[in-house]
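Here is what each chain is made of, one letter per residue.
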Amino acid sequence: MVVTVRAPMDPLDFLTKDQLLLFFRRKKTEMSCMDQPHTFLTQLRDHDLVSEKLYQRVVRMKTKEQKKKGVYEVLDSLETHQPECVETFWRSVFTDHIMQLYPTLRLLRNSLMDGSFPFNESHPEVDCTSEEKDAEEKSEDMKERTVKKRSRQKSKGSASEREEEEEHDQAGTSQGKTSVKKRKLQKPIYRVRSIFHEDRWYTPGEFEKLGGKERSKNWKTSIRCRNTPLQKLIQENHLTSSPAKRRSADRGQDGTCMQQFTNTDPTHVKKKMRRALFPSSPENSIRLSDSSDEENSSSNQTEDRSEGDPREEREEGEEEEGGMAGLGGAVEGGSNHDNGEVDTSLFEGSTLPVQCGPVTGRLQKDRFASGSTGKCIRTDERWLTPAEFIRLNPDLKDGMWKRDITCRGQPLSYLLQGKILQVHSLLCMCRMCSHTESDLQDQTNDDHCFICGERGELLCCDGCPRSFHRDCHIPTPTPSPGDDWLCTFCVWKRSQEWRYADHMTQKQVLDRRISEYTLQCQYLLLFLLNADEQRIFTIDPCPTVSGYSSVIPRPMWLQKVRENLESRYRLVGEFVSDMRLIFRNCAVFNRKNQEIKEMGIRLSTLFEEEFQSTFIATNQRDDSG
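1. Some points on the overall build of the protein chain
Scanning the protein chain from N- to C-terminus turns up 28 helices and 14 strands. When burial is assessed residue by residue, the protein chain has 42% of its 625 residues classed as buried. Nonlocal contacts in the protein chain, meaning residues at least 24 apart in sequence, comprise 64% of its contacts between residues at least 6 apart. By element, 47% of the accessible surface of the protein chain is carried by carbon and sulfur atoms, the whole surface being about 35,100 Å².

Right under this line is the structure:
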């Protein structure tokens, strides 16, 4: 049976402005104590919730105490002068990037999700004179009635009856307290109705019965999200639930959750607030299925093994309490690598070199999602997920991608710990986490042009992961709709399977007509265009380099060679001569600029090596070159 689960519902859609304002008033002090409030204040300014003058004054405050008072002043000004914007305030601070920085806001949102904030209770500090007077009058009336009742029953009632009355009196008649009887009716957090099916909400246990799996008595394994048991989501902190051992220990003989009103430790309160079944707010819906298929269960266990880390290998009874309140963050403490603070300077840039044993590749940060989703590691042949990448190492058995893939000597768990990489939630619906055919197909090719490195409208090769702008590829491609298209690199590679190896001397190669070796020349030119990452040798230097034309009588650059290749050259030697002229010009003009000179030498060496390999020429040089 398949149903839709909203993960989770937005509490702001179900609360009135008065309730949101009450919640704001109660939590002002708590929010003012947040550390490093600069981003928080910037978010308020971006949504026109704080005046520029007040914002500038608060951000210039130096000490921690001053900042607390300043943030409270901002919040107090918002309540006083813009109470109609309270919903805008909560929506702006309940965004994912803000809640990741401020755990206090995550806890506040969770208190709205699990209903722990008492909207219906009145508080003596509420500034409402008429209501306060009514409450005081009712309280006095109740006290008078209680005194009269005691006096009437003094002579009649037994000692036990008088004790019951005293207990009733101790339960309190003030409106700010909740009776013990009411607390017994409260349900543990894990019984929150969080699964929506056919216009009705169900708890996980109720949904398990609805699906006919009540005999299993384990909703964590019988209920699945995208063929993944909820137990796995809980283990990876995408969902949180208090462990079974803790629940049984915290209950009295009558089943009452006693610790919720006997333990007042603030850390316990925070942990309890994190136990909501869906603790974050991605604006999407997911599909849950109630199934106990053994084959799917075994396949999921195998996948867990290839994706997990040492924390996920614990037995269920040793499962950690609580977890991260936000979805998509790195698991805190998920690394066994004890190096203290993470030095992020070693991992700057959009791509990082990674390896798993002898297998190497480059990891693109904005493609990373998790172990099994997001093809973020590029090898020479294709894009792979981390779980697929470790399978390329033939010597690795029972591999774990967080541990066995390393970047500059550190495992990926170290990068997750430092939030250089962040695991997406299993509920994430971004293009890297999507399982649609089109999104999966888009992940098989580069997001940037292989020649110029820019984004845009790219033509993807069907034989390799490369992508190109039409104007960057040589020759300019004209693929037919529906047909596979291969880039020049793939065409050249496949031609090696049938091409006869002519062991020619270099002089013989240079004297050949270029029409016979057009593919080789196009390949060589594309190879150099890709190697020139800073585009120094690609474009005409005369307009940008002062005095270049006065020193160099015959300027040459790669784009000019491309133009000549399409119409002017008759012999291979003419093409090679112009290529070598580029590097000779570089050496002459940059005699004092050692950095550019070395770049020219490097590209010249690459060209000569690839030229020898491409034309299968011997090392016999000729002066005609």
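2. Focus: the pattern of salt bridges
In the structure shown here, the tally under the stated rule is 22 salt bridges. Residue Glu381 pairs with Lys493 through a salt bridge whose shortest N-O separation is 3.3 Å. On the criterion of sequence distance, the pair formed by Glu381 in the loop between strand S9 (377-378) and strand S10 (383-384) and Lys493 in helix H22 (residues 488-495) is long-range, its members being 112 residues apart. A relative accessible area of 44% means that Glu381 is categorised as partly exposed. Three or more residues joined by partner-sharing salt bridges are found here, namely Arg25, Lys28, Asp76 and Glu79.

3. Things to note about the pairing of strand S7 (residues 351-356)
For a regular strand, side chains alternate in direction, first toward one face of the sheet and then toward the other. A one-sided burial pattern is seen for S7, the buried positions being Leu352, Val354 and Cys356 and the unburied ones Thr351, Pro353 and Gln355. Relative to strand S8 (residues 359-364), S7 runs antiparallel, the two sharing 6 bridges. Bridge pairing in S8 places Cys356 opposite Val359. Joining the antiparallel neighbours S7 and S8 is a turn of 2 residues, in which Gly357 adopts a positive phi near 65 degrees.

4. Here's the deal with the confidence of the model for the protein chain
Averaged over all residues, the pLDDT of the protein chain is 74; the fraction at 70 or higher stands at 66%. Here residues 123-129 scores under 50 on pLDDT; set against residues more than four positions off or in separate chains, the count is 6 contacts.

5. Let's talk about the packing of aromatic side chains
Tallied over the entire structure, the rule returns 22 aromatic pairs. Taking 5.4 Å as the distance between ring centres and 80 degrees as the angle between the ring planes, the aromatic pair formed by Phe450 and Phe489 counts as edge-to-face. You can see Phe450 sitting in the loop between helix H21 (437-442) and strand S13 (459-460) and its partner Phe489 sitting in helix H22, a full 39 residues away along the chain. Judged by relative accessible area, Phe450 falls into the buried class, the value being 18%. The aromatic ring of Phe489 is capped on one face by Arg466, whose charged end is 4.4 Å from the ring centroid. Above the ring of Phe611, the side-chain terminus of Arg580 is found at 5.8 Å from the ring centroid.

6. Points about helix H4 (residues 64-81)
When the terminal C-alpha atoms of H4 are compared, their 26 Å separation across 18 residues agrees well with the 26 Å that a helix rising 1.5 Å per residue should span. By the burial criterion, the buried members of H4 are Gly70, Val71, Val74, Leu75, Leu78 and Glu79.

7. Some thoughts on the state of the cysteines
This model, assessed by the stated rule, comprises 0 disulfides. Take Cys452: it sits in no disulfide, and the sulfur closest to it among the cysteines is that of Cys449, at 3.8 Å. Lacking any disulfide linkage, Cys472 is separated from the closest cysteine sulfur, that of Cys449, by 3.8 Å. Looking at Cys472, the relative accessible area reads 15%, which means it is buried.

8. Notes on the packing of helix H1 (residues 17-32) against helix H7 (residues 103-113)
Where H1 meets H7, the axes come as close as 11 Å, and the angle between the chain directions of the two elements is 155 degrees. When the interaxial angle is binned, H1 and H7 end up roughly antiparallel. Classified by chirality, the crossing of H7 by H1 is right-handed. When H1 is examined against H7, the residues Phe23, Lys27, Glu30 and Met31 are found in contact with a partner set consisting of Thr104, Leu105, Leu108, Ser111 and Leu112. Residues belonging to the contact of H1 with H7 are distributed by class as follows: 5 nonpolar, 2 polar and 2 charged.

9. Quick notes on the nonpolar core
If you look at the biggest cluster of nonpolar residues, it comprises 47 residues, and the most contacted ones within it are Leu525 and Phe575. Secondary structure elements with two or more residues in this core: H22, helix H23 (506-510), helix H24 (518-531), helix H26 (558-567), helix H27 (572-589) and helix H28 (594-615). Leaving out residues up to four positions away in the same chain, Phe575 has contacts with Ile514, Cys521, Leu524, Leu525, Val561, Leu565 and Tyr569. Among the nonpolar cores identified, the runner-up in size contains 36 residues, and Leu15, Val50, Tyr55 and Met61 belong to it.

10. Some words on the environment of Tyr414
Note on placement: Tyr414 falls in helix H20 (residues 412-417). Along the primary structure Tyr414 and Lys402 are separated by 12 residues, whereas in three dimensions their C-alpha atoms are 8.3 Å apart.

11. Section: the packing of helix H2 (residues 38-46) against H4
In a packed pair of helices, the relevant descriptors are the angle between the two axes and the axis-to-axis distance. Direction vectors running N to C along H2 and H4 enclose 25 degrees, while the axes themselves pass 11 Å from each other. In terms of orientation, H2 lies roughly parallel with respect to H4. Here the hand of the crossing between H2 and H4 comes out left-handed. Where H2 approaches H4, its residues Phe40, Leu41 and Leu44 are matched on the opposing element by Val71, Val74 and Leu75. Of the residues that constitute the contact of H2 with H4, the class distribution is 6 nonpolar, no polar and no charged.

Here is what the cut-offs are and how they apply
Residues numbered from 1 in each chain as written. Predicted model: local features only at pLDDT ≥ 70, side-chain atom pairs only at ≥ 80, totals over all residues. Heavy atoms only, no water. Helix = DSSP H or I, 4+ residues; strand = E, 2+ residues; numbered from the N terminus. Buried < 20%, exposed > 50% of the residue type's maximum accessible area, 1.4 Å probe, protein only. Contact = heavy atoms within 4.5 Å. Areas by Shrake-Rupley, 256 points an atom, 1.4 Å probe, with all protein chains shown as cover. Salt bridge = Lys/Arg side-chain N within 4 Å of Asp/Glu carboxyl O. Pairing = 2+ DSSP bridges. pLDDT = per-residue confidence, 0-100. Phe/Tyr/Trp six-rings, centres within 6.5 Å; stacked < 30°, edge-to-face > 60°. Lys NZ or Arg CZ within 6 Å of the ring centre and 35° of its normal. Expected span 1.5 Å × (residues − 1). Disulfide = S-S within 2.5 Å. Axes fitted to C-alpha atoms, helices over the stretch in contact; angles between N-to-C directions. Parallel < 35°, antiparallel > 145°, perpendicular 65-115°, else oblique. Left-handed = near helix turned anticlockwise from the far one by under 90°. Nonpolar A, V, L, I, M, F, W, Y, C, P; charged D, E, K, R; others polar. Core = buried A, V, L, I, M, F, W, Y, C linked by side-chain atoms within 4.5 Å.

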